[in-house]
Amino acid sequence: MAASRDVAAQLLFYVNGRKRNQFACPGLMLAQAYQRGCHIFSQLGLLFFLPEKVVEKNVDPETMLLPYLRKNLRFTGTKDGCGGGGCGACTVMLSRYNPITKKIRHYPANACLIPICSLYGAAVTTVEGVGSTSTRIHPVQERIAKCHGTQCGFCTPGMVMSIYALLRNHPEPSLAQCIDALSGNLCRCNGYRPIIDACKTFCKNTGCCQCQENAVCCLDQEINGLPGPEEGRKAHPKLFSEEEFLPLDASQELIFPPELMIIAEKEPQRTRVYGGERMTWISPVTLKELLEAKVKNPQAPIVMGNTSVGPEVKFKGIVHPVIISPDRIEELSVVKHTHNGLTLGAGLSLAEVKDILADVIQKLPEEKTRIYRALLKHLGTLAGSQIRNMASLGGHIVSRHLDSDLNPLLAVGNCTLNLLSKGGERQIPLTEQFLQKCPKADLRPEEILVSVNIPYSRKWEFVSAFRQAQRQQNALAIVNSGMRVFLGERDGLVRELSISYGGVGPTTVCATHSCQQLLGRPWNEEMLDAACRLILREVCIPGSAPGGKVEYRRTLIISFLFKFYLEVSQILKRMDPVLYPSIADTDKSAVEECHSPLPWSMLQYQSVDPRQLPQDPVGHPIMHLSGIKHATGEAIYCDDMPAVDQELFLTFVTSSRAHAKIMCMDLSAALSMPGVVDIVTAEDLHGVNSFCFWTEAEKLLARDEVLCVGQLVCAVIAESKVHAQQAAKRVKIVYQDLEPLILTIEEAIQHNSFFESERKLECGNVDEAFKMVDQILEGEVHMGGQEHFYMETQSMLVVPKGEDQEVDVYVSTQFPKYVQAIVASTLKVPAHKVMCHVRRVGGAFGGKVMKTGILAAITAFAANKLGRAVRCVLERGEDMLITGGRHPYLGKYRVGFMTDGRIVALDVEHYSNGGASLDKSVFVIEAGILKLDNAYKFPNLRCRGRVCKTNLPSNTALRGFGFPQTGFITEACITEVAAKCGLSPEKVRMINMYKGLDQTPYNQQIDARNLSQCWRECMALSSYSARKAAVEKFNAKNSWKKRGLAVVPLKYPVGVGPVAACQAAALVHIYQDGSVLVTHGGVEMGQGVHTKMIQVVSRELRMPMSNVHLRGTSTETVPNTSVSGGSLAADINGLAVQNACQTLWKRLEPIISKNPRGTWKDWARAAFGESISLSATGYFRGYELNMDWEKGTGHPFEYFVYGAACSEVEIDCLTGDHKNIRTDIVMDAGCSINPALDIGQIEGAFIQGMGLYTLEELNYSPQGVLRTRGPNRYKIPAVGDIPTALHISLLPSPENSNTLYSSKGLGESGLFLGCSVFFAIHDALRAARQERGQFGPLKLHSPLTPEKIRMACEDRFTNMIPKDEPGSYIPWNVPV
Ligand SMILES: Cc1cc2nc3c(=O)[nH]c(=O)nc-3n(C[C@H](O)[C@H](O)[C@H](O)COP(=O)(O)OP(=O)(O)OC[C@H]3O[C@@H](n4cnc5c(N)ncnc54)[C@H](O)[C@@H]3O)c2cc1C
Ligand code: FES
Ligand code: FES
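Parameters and conventions
- Residues numbered from 1 in each chain as written.
- Chains lettered and ligands numbered in written order.
- Predicted model: local features only at pLDDT ≥ 70, side-chain atom pairs only at ≥ 80, totals over all residues.
- Heavy atoms only, no water.
- UniProt positions renumbered as here; feature names shortened; annotations may be inferred.
- Helix = DSSP H or I, 4+ residues; strand = E, 2+ residues; numbered from the N terminus.
- Rg over C-alpha atoms; globule rule 2.2 N^0.38 Å.
- Buried < 20%, exposed > 50% of the residue type's maximum accessible area, 1.4 Å probe, protein only.
- Areas by Shrake-Rupley, 256 points an atom, 1.4 Å probe, with all protein chains shown as cover.
- Near = heavy atom within 4 Å.
- Polar contact = N/O pair within 3.5 Å; in protein donor to acceptor, adjacent residues only side chain to side chain.
- Pairing = 2+ DSSP bridges.
- Core = buried A, V, L, I, M, F, W, Y, C linked by side-chain atoms within 4.5 Å.
- Contact = heavy atoms within 4.5 Å.
- pLDDT = per-residue confidence, 0-100.
- Phe/Tyr/Trp six-rings, centres within 6.5 Å; stacked < 30°, edge-to-face > 60°.
- Lys NZ or Arg CZ within 6 Å of the ring centre and 35° of its normal.
- Salt bridge = Lys/Arg side-chain N within 4 Å of Asp/Glu carboxyl O.

Going by the annotation in an unreviewed UniProt entry, the name recorded for the chain is aldehyde oxidase, with Echinops telfairi given as the source organism. The Subcellular location (unreviewed entry) field of the UniProt record for the chain holds the comment "Cytoplasm". What UniProt records for the chain under Subunit (unreviewed entry) is the sentence "Homodimer."

Looking at the overall build of the chain
Looking only at helices and strands, the chain has 38 helices and 48 strands in total. Its C-alpha radius of gyration of 32 Å places the chain within 12% of the 34 Å reference for a compact globule of 1376 residues. Going through the 1376 residues of the chain one by one, you find that 65% of them count as buried. Total accessible area on the chain is roughly 48400 Å²; 52% of this is exposed by carbon and sulfur atoms.

Things to note about the site of ligand 1
In the vicinity of ligand 1, 33 residues are found, and the nearest of them are Ile302, Met304, Thr307, Ser392 and Asp405. Gly305 is positioned such that a nitrogen or oxygen atom in its backbone is 2.9 Å from an oxygen atom of ligand 1. Within the backbone of Ser308, a nitrogen or oxygen atom sits 2.9 Å from an oxygen atom of ligand 1. For ligand 1, whose accessible area on its own is 980 Å², the fraction buried by protein is 92%. Counting only elements with at least two residues in the shell around ligand 1, the list comes to α13 (393-399) and β13 (448-455). Among the elements that make up the shell around ligand 1, the one with the highest residue count is α13 (five residues).

Brief notes about the sheet that holds strand β24 (residues 705-706)
If you trace the three strands from one edge of the open sheet to the other, you get β24-β20-β26, paired in antiparallel fashion. Each edge of the open sheet is held by one strand with a lone partner, namely β24 and β26 (732-737).

Let's talk about the nonpolar core
Membership of the largest hydrophobic core comes to 264 residues, with the highest contact counts inside it found for Tyr501, Trp523, Leu1101 and Leu1325. Here this core gets 14 residues from one element, more than from any other, and that element is helix α18 (residues 550-575). With residues near it in sequence (within four places) discarded, Leu1101 still touches Ile1070, Val1076, Cys1141, Leu1144, Trp1145 and Trp1160. Within the second largest apolar cluster, 81 residues are counted, among which are Ala264, Tyr274, Val353 and Leu419.

Some thoughts on the UniProt feature "domain: FAD-binding PCMH-type" (unreviewed entry) in the chain
UniProt's entry tags residues 274-459 with the feature "domain: FAD-binding PCMH-type" (unreviewed entry), counted in the numbering of this structure. What you have in residues 274-459 is 36% helix and 20% strand, and the ends, taken at the C-alpha atoms, are 52 Å apart.

A look at the confidence of the model for the chain
Chain-level statistics for the chain give a pLDDT mean of 92 and a share of 94% at 70 or above. Scored below 50 in pLDDT, residues 1-8 makes 40 contacts in the model with residues more than four places away or belonging to other chains.

Some words on the packing of aromatic side chains
For the structure on display, the rule yields 27 aromatic pairs. Ring centres 6.1 Å apart and planes at 20° place the aromatic pair Phe815 and Tyr818 in the stacked group. In this structure Tyr818 comes out as buried when scored by relative accessible area, which is 1%. Arranged with centres 5.0 Å apart and planes meeting at 65°, the rings of Phe1318 and Phe1319 form a pair that is edge-to-face. Ring-pair connections join several aromatic residues into one group, and the members of that group are Phe968, Tyr1253, Phe1318 and Phe1319. Between the NZ or CZ atom of Arg840 and the centre of the ring of Tyr637, over which it lies, the distance is 5.7 Å.

Looking at the pattern of salt bridges
In total, this model carries 81 salt bridges according to the counting rule given. Across the pair Asp180 and Arg388 runs a salt bridge, and its minimum N-O distance is 2.9 Å. Pair noted here: Asp180 is in helix α5 (residues 175-181) and Arg388 is in helix α12 (residues 385-390), with a separation of 208 residues, a long-range link. In this structure, the salt-bridge partner of Glu926 is Arg759, at a minimum N-O distance of 2.6 Å. With Glu926 in helix α27 (residues 921-931) and Arg759 in strand β27 (residues 754-763), this pair connects stretches of sequence that are 167 residues apart. Exposure remark for Arg759: the relative accessible area of 15% places this residue in the buried category. One network of salt bridges, in which partners are shared, links Arg70, Lys71, Lys79, Asp639, Asp640, Glu647 and Arg871.

This is the structure:
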């Protein structure tokens, strides 16, 4: 049925306390409407019929709240990080008044999934409504900023809103509630610890873990019952001062608009209808109207939370001509206890269901509530708090997602669905047939689900819930399960058994036949064994099943069953100790959850020298300059800039084939779409379609051939983003596949497909050394890639100035000079016509250099061609598909060593997967080679490296630049040597470590004393020896949970050669009022470089920081900037700023000494009066770095950052789950300019590294399509993944060096320390395997995901599962 364009109602809701009326027509249409085609009649007999009213522009049912807030209302504080509910950047608070209960419900929600039509009568609070610098900063905003909880700040408004919504409901929350509230918010920068610190300031019980386990607090007794840091090493006071925080005052909050209460109470309830271009939205307000609407629109979905329909519309392109969205229908919110169970309304949100169940289990006897407890367990981890507050129980059940967490439980729980239609009521059981959508067992099109009845459990009935996901929180389950058994009271025989699984088929799968066959059997090991075999036969996952991880999923199916068996056995023993045997002590750990008390942290850093001037901020933990603005949403990112007059939007069309010839491209359908202005192809870029900045030219748009999926083919430019995106889908490209298709490193080696020649470094005499050693080992280790996952996707706005061919490029980049150069080349204009401006970047990590330049060049070309401003902002999925990331690596090593653990010879080959174009891959491979020795002296070393050319998107720089891969390969090799020698890896690490003054393989002098000190301090701080013994004790007692401990040292070389590559410049102006404006070449991307620069100015000019301002980076003020990366931005730009300030100081000193008590205003005026220039440039020519690859010698680095990290983990051998129990990091940060920022860099990098080595997994199809294209599929660490205890200590070892105030750049080094978690898991796995009699080598590749952990714990279950012959099926993904 065609949607009507001509009727709509007024949409009334509040944003930040201000009324918003979106008019459908001049007359208010609060009455019911009659809609041509929809045939909805009003109760009052009113008939509205408004032909050709263009009301859709204001109330388009397809519009989500996020773009509406950002573009229509210009509330840009709410950010767009993914558009699919997965990142929390768009969190707002919704408040609704219920006229029946008279209560207001405040809850967090994802604006990207809220249709504005669903907001009638709601109050929306965005970060701007919470507080602002122009009115009053809210305590949440103040504390998150002052606790250093912001770096790039892009996630911060979302974090603020989640905490704010929590505080509206719980002014003194527990820490567990805070963590739960943040479970749907991702941050890629700061590692969550400072955000948790901010939350703690609102909790009643601050400063400790708040762990009530055994009524023992963390402050009294450490984990494992061991002491914390050694006596005498007291933690430094916090990085912030709680005393200065504003109190939380509920009376200051925005009140719920009284008008909305009055409307809810008094306004006649009538269906509202909103018409759009392609969709009509009907909001019935009574059950009767809902049923009528459903009869008339049987195919229309009932949209409740829109968390299922919304993502389908957005990502699968499904169009619904009509949507029915019930509003405040009482019957859908029913909560009723019946004689046999609990009836819950289908319209209740999952969060409400969670609260109701929590309440019910308090009130009812335990035996009646077993299914409620199981549901509650899953509701605790299902999605994040925002989604749980939006999603409805009915929507969840009816969507029948294959990975639904609740349906498997409801299916085993004998639940009944209460349905209603105009024809009457009906009950259907929630069975496998319903879940499979069998027509006989399903809802009829005109029916709706009103409520669901969940029966009470009985005395001998047991229900359990299991799930394993890639990440513990906010991640869809890989496999989940609901299991229920009812046993005969007297005989203990199985009377009823129901088992169902999610994640193993296209929908929830029930093991009905197996359960049937097990009836009448006693609950014992034989029954378990039979059950495993039967179920594996019934629930079969084919080798090529979507989602991959097939053997793992098969193993989980029976591992969960084993857990269930033990859980029930344990309860049976408690219920009848005579009839039932106890389970073995060592098995008890199978039923316990992974160790997960609440996080706590301790930080140690140096105090400033007491002789330092009081106003000198250097060395103090100064808050990020933009911290408050991040928290209030006032910090402006590229896409927050208001639209320029006649601005257009550009969307890319990318290749869908990995290696193919473009046979033809038909643009006609796309060009004829409404709003389309132009399409730019390679033809248009004739002569400028490539650009060479370093060694090899990079192509802008594909012409005849495509070399990877995601390669840019053409760009559609339209009046709006929606128009551009719709048209892009209409571009038809015919391809012919080409051979060979090379995706993996192994395939590249086989086809001899490489970029450039081999890079090689050699020292000592490797071949001779191999002859002298006791033993030789050969091995291979593979390391997967990593997505940058900066929260702000690639964004740019190009504005042609209309005069002298000038263009302004506003862009989120780390390298303005490069963008300027590529744009100038593409437009064929000199660089001085292109001004590139970067105010701030919402995270970059190396990913906003090369591809950003290409995207900006094409955008600039379009803007120049059309003479109009053009904006381009990539969606998260596009960004992940197009931009590449960290290089996957294959390391092959041959290592010769003595039986005492001394490594005498090492011969390594590195292969990186470079993708389809060169990008920076050769620099990465070179850096990787130079850094592979990490902290070890290998007297005889040979390393060769090659970049593989494959049909994947080009990989590029990512924090650490090759070192996280090559350092890891070295550590893997050392771990294997240790195993072979029968020594602990720590011992072998210590034996081979650099000590004192020494030389690297390329003959650079190093002083490794601080390395040894970091190692010693880390051992002491972590109480390594005592904890190692405790781990062993734990492992001896527990078969199914194992703990592991690992310490990893770090030597991170800093510097980017040659000299010119790290030159820097700055410009400092003093105005006549004494205020100072500083500009420099560094880009602010979260690392706090601007804050440090102001600290430098403040010290050098002896003026307060408040006197200094910094606007951003621009090629107009500071030309020829170096890339902000390589940990160097503050180092080199700081020296340039210092230089400029010293010039000014020298000029002004005579004036100041004449009037020492004067103010800066006095001095500036006096200088002006004497015609002394108040402006100076500063310059730093770069570090004297060099490297001669021919000779294999040089001085490629300026200095080394040393460190060490000790991590302890606990793994679940049955599921592969792991928890990081504790990490201690000691870092030699030199003299920190700002310990808060430096600690932030260390822990942020550490958590990113932890993600790299244990969590983040990119999946490619055998055709080269990236499958993991958003936060729902690609998992970065979330708040629940951080170590339970985190200690960071900056080494108190100020040393004098050439660097700025003897500081060190810490942007990248900490990332590598994340591999301590990998090796701790390795240690735990070794213990698990040894217990099972497996003493052979343990080869593990990175990332060490739950799948790999589980499959490494070989046991009777892994032996039981069917294995597919390689080659007998097409795998879902290929490891590249
Ligand atoms: C970011 C994200 C993370 C998620 N994580 C998880 C997770 O970890 N575990 C998990 O299990 N799920 C997860 N989900 C899925 C989520 O649970 C479902 O999307 C949600 O429960 C659907 O509820 P809804 O009210 O939003 O449905 P809607 O999108 O509003 O509707 C979904 C479907 O249900 C139908 N429907 C709704 N109500 C009725 C009714 N009363 N009668 C008849 N039909 C009805 C509609 O017609 C529609 O077809 C996640 C979703 C997102 C977006
Ligand atoms: S943008 Fe809404 S959750 Fe990511
Ligand atoms: S500060 Fe959280 S994403 Fe950057």
